[in-house]
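In case you want the letters, here they are:
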Amino acid sequence: MSQVSLPPLLQSDLPFTALAPMQDVTNLWFMKVIAHYGSPDYFFTEYFRVNDTSRLNRNILAAITENDTGRPVFAQMIGESIPDLVRTAKELCKYNIAGVDLNMGCPAPRIYRKNVGGGLLREPEKVDQILGELRAAVNDKPLTVKMRVGFENTDNFYEILDIINRHSIDLLSLHGRTVKDMYHGEVKYDLIAEAVRRVDCPVLANGNINSAKTALEVLSQTGAAGVMVGRWAIGNPWLFNQIRQALRGEEITPVLLVEVRKYIDRLWQTPIVSTIPERARVGYLKMFLNYIALSVDAEGHFLRLMRRVQTEVELFDLCDRILLTEATKTLALEPFLLSVR
Ligand SMILES: Cc1cc2nc3c(=O)[nH]c(=O)nc-3n(C[C@H](O)[C@H](O)[C@H](O)COP(=O)(O)O)c2cc1C
């Protein structure tokens, strides 16, 4: 059984929703933007890197200390050194966090080669030690894990689920791909369903939940307690509200493209934009537009044109031209099947 209770949900009779942690995306500003359009139940920070010289990153910490969204924030750590993970977890517990989350899924080779993030999935014994020590250190707040179904196969999957039970983990966010899958290929929702049956704690299903309809399908297929959404909330920040509408059996409110144009302005107001050169600013916004554009037109017209522009003026002219000309056009309720690469 779990040791401590999770923070209350926005609506206690509905499954959970969470914004997935995304490095360089889910900072304080982005959480505020998402909250403006409809918060998830829970937020997760970008990962705090943990090693023998690490200190809490101030920008990531701001997403906890300056967070006025009203929603609980889990602080995610990535690392493998047990004393340093314990030290960092204890430091984090001094702040107003919903809980401490351990990253066991990051697929970047420079990360997993150090046996952290997704690399830990190759070493169940190490996971056992880490979770045992962390559980002893984090005993009055939730201790949660975010992981994938395996490193390159699912050989250790069940053993790791049993370790999660042994250490009374309070919430498991499970991306239904292996580390080697990166972000491609099918999400193995059947394995998420297996985890739901095997672990004692609630499971958040994660991976390719790109619409309210998909959220409902995944919840029904997996029996998960909730859904965690990452990239698709970048493309559609109204998604958490839409998921709640669908769960309540209500019709989903479509979003006019003029509102999408305002969302882009809001993203542009992020404090970092004013500190970086134009080229980097344009690149920064394009990262978001790569997802937004997927639900704008089925032909990929906006996506293609957006990728070609180079200056801030060209970028905003294009956004105005595509998003402000047809007064009644709405953002698709699920992305069109266009390549995001
Ligand atoms: C740009 C980016 C950054 C990410 N950073 C993190 C991270 O810091 N910690 C983590 O656990 N997962 C991270 N992820 C993985 C996401 O949390 C999520 O598991 C993954 O994107 C699959 O969910 P989705 O299909 O809803 O995007 C990141 C993903 C992306 C695209």
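Residues numbered from 1 in each chain as written. Predicted model: local features only at pLDDT ≥ 70, side-chain atom pairs only at ≥ 80, totals over all residues. Heavy atoms only, no water.

A. The UniProt feature "active site" (unreviewed entry) in the protein chain, seen in detail. According to UniProt, the feature "active site" (unreviewed entry) maps to Cys106 in the numbering used here. Secondary-structure assignment places Cys106 in the loop between β4 (99-104) and α4 (109-112). Ignoring anything within four residues of it in the chain, the contact list for Cys106 reads Tyr47, Ile78, Ile111, Tyr112, Gly117, Gly118 and Val179. (UniProt positions renumbered as here; feature names shortened; annotations may be inferred. Helix = DSSP H or I, 4+ residues; strand = E, 2+ residues; numbered from the N terminus. Contact = heavy atoms within 4.5 Å.)

B. The arrangement of the nonpolar core in detail. Counting 108 residues, the largest nonpolar core has Met147, Ile164, Leu172, Tyr263 and Phe302 as the members making the most contacts within it. A per-element tally of this core places helix α12 (residues 278-292) first, with seven residues. Taken domain by domain, the makeup of this core includes at least three residues from each of domain 1 (16-248) and domain 2 (255-331). Tyr263 has contacts with Phe30, Val33, Tyr37, Ala233, Ile234, Pro237, Trp238, Phe288 and Ile292, leaving out every residue within four places of it along the chain. (Core = buried A, V, L, I, M, F, W, Y, C linked by side-chain atoms within 4.5 Å. Buried < 20%, exposed > 50% of the residue type's maximum accessible area, 1.4 Å probe, protein only. Domains from an automatic or database assignment.)

C. Molecular detail of the UniProt feature "domain: DUS-like FMN-binding" (unreviewed entry) in the protein chain. Here the UniProt-annotated "domain: DUS-like FMN-binding" (unreviewed entry) positions come out as residues 19-260. Structurally, residues 19-260 is divided into 40% helix and 18% strand, and its ends, taken at the C-alpha atoms, are 19 Å apart.

D. Structural detail: the pairing of strand β2 (residues 43-49). Counting buried positions along β2 yields six of seven residues, so the element is predominantly enclosed. The β-α-β motif built from β2, the intervening helix α2 (residues 58-65) and the parallel element strand β3 (residues 73-78) has right-handed crossover chirality. (Right-handed = clockwise from strand over helix to strand, strands pointing away.)

E. Structural view of helix α5 (residues 124-137). Under the 1.5 Å per step criterion, the end-to-end length of α5 is 20 Å for 14 residues, consistent within 8% with the ideal 20 Å. All of the buried residues along α5 are Pro124, Lys126, Val127, Ile130, Leu131, Leu134, Arg135 and Ala137. Buried residues of α5, seen end-on, are gathered within an arc of 155° and therefore sit on one face of the element. Away from its buried face, by an angle of more than 90 degrees, α5 presents the exposed residues Glu125 and Ala136. Of the surrounding secondary structure, the elements contacted by the buried residues of α5 are β3, α3 (82-92), β4, β5 (143-150) and α6 (157-166). (Expected span 1.5 Å × (residues − 1). Arc of directions from axis to C-beta.)

F. Quick peek at the domain arrangement of the protein chain. Each domain of the protein chain was delimited in the assignment, giving domain 1 (16-248) and domain 2 (255-331). Across the interface of domain 1 and domain 2, roughly 1400 Å² is buried in total on both sides, 72% from carbon and sulfur atoms. It is Trp29, Ile234 and Trp238 that lose the most area in domain 1 upon contact with domain 2, and together they represent 39% of the buried surface on that side. Along the contact surface separating domain 1 from domain 2 lie four residue pairs in polar contact (both at pLDDT 80 or more). Listing elements by their share of the side of domain 1 that touches domain 2, those giving two or more residues are α1 (28-38) and α9 (231-235). Residues belonging to the side of domain 1 that touches domain 2 are distributed by class as follows: ten nonpolar, five polar and two charged. (Buried area = accessible area lost by both parts, 1.4 Å probe. Polar contact = N/O pair within 3.5 Å; in protein donor to acceptor, adjacent residues only side chain to side chain. Nonpolar A, V, L, I, M, F, W, Y, C, P; charged D, E, K, R; others polar.)

G. Inspection of the environment of Ser81 at higher detail. Secondary-structure assignment places Ser81 in the loop between β3 and α3. Classification of Ser81 as buried rests on a relative accessible area of 17%. On a C-alpha basis, the gap between Ser81 and Lys126 in space is 9.9 Å, while along the polypeptide they are 45 residues apart.

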